[in-house]
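If you want the building blocks of each chain, they are given just below.
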Amino acid sequence: MTSYRQLEIHWIDLNPTRGAETQKKRPCVILQDDVVNQGSRTVIVAPILPGYKDWPFVVSLKPSKANGLDKNRHVNLKQLRAVDVSRISGKQGMLERRYLAHIKAALAIVFDL
């Protein structure tokens, strides 16, 4: 079984969906800790969506060689999803650790921590 790492960006098929859930196959960042990822059949991810958003529950990203993004995008922390590893396809890149504090702050807002 493949083990995934926190902050890796993978293409994930989010379909089927319902209502306002983020749809289709798109890049997502793995948020689950590496210890939890070991041997796990599910991972917790957040979708990476186009453009810049100035919302407290998103983290805006800039493209880099490391993350493999093609333009400015954002991680929507209000759209967390636990997905089976069978939904995961190719790795796109690795989100830089400098974004982790911003992700944690956005999650604190989402969950009122």
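Details of the structure are given in the entry above.
If you're wondering where the values come from, they're calculated on a predicted model, not measured in any experiment. (Residues numbered from 1 in each chain as written. Predicted model: local features only at pLDDT ≥ 70, side-chain atom pairs only at ≥ 80, totals over all residues. Heavy atoms only, no water.)

Draft legend 1. How the structure looks around unusual backbone geometry. Omega for the bond connecting N15 with P16 falls within 30 degrees of zero, at 0°, which places this linkage in the cis form. Within the secondary structure, P16 is located in the loop between β1 (8–13) and β2 (25–30). Phi is positive for L7, which is not a glycine, with a value near 80°. As for its position among the elements, L7 is in the segment before β1. The exposure class of L7 is buried, given its relative accessible area of 1%. Unusually for a residue other than glycine, D112 sits at a positive phi of about 50°. (Helix = DSSP H or I, 4+ residues; strand = E, 2+ residues; numbered from the N terminus. Buried < 20%, exposed > 50% of the residue type's maximum accessible area, 1.4 Å probe, protein only.)

Draft legend 2. Spotlight on a nonpolar patch on the surface. A cluster of nonpolar side chains, contributed by V110, F111 and L113, occupies part of the molecular surface with about 320 Å² of accessible area. Mapping L113 onto the fold places it in the segment after α2 (100–111). For L113, a relative accessible area of 77% translates into the label exposed. (Patch = residues over 30% accessible without salt bridge, like charges linked within 9 Å, V, L, I, M, F, W, Y side chains within 5 Å. Areas by Shrake-Rupley, 256 points an atom, 1.4 Å probe, with all protein chains shown as cover. Salt bridge = Lys/Arg side-chain N within 4 Å of Asp/Glu carboxyl O.)

Draft legend 3. Representation of the nonpolar core. V29, L61, L77, L95 and I103 are the most contacted members of the largest nonpolar core, which has 17 residues in total. Mapped onto this core, the elements with two or more residues apiece are β3 (42–50), β4 (58–61) and α2. Ranked by residues supplied to this core, first place goes to α2 with 4 residues. Ranked by size, the runner-up nonpolar core spans 10 residues in total, among them L14, V43, V45 and V85. (Core = buried A, V, L, I, M, F, W, Y, C linked by side-chain atoms within 4.5 Å.)

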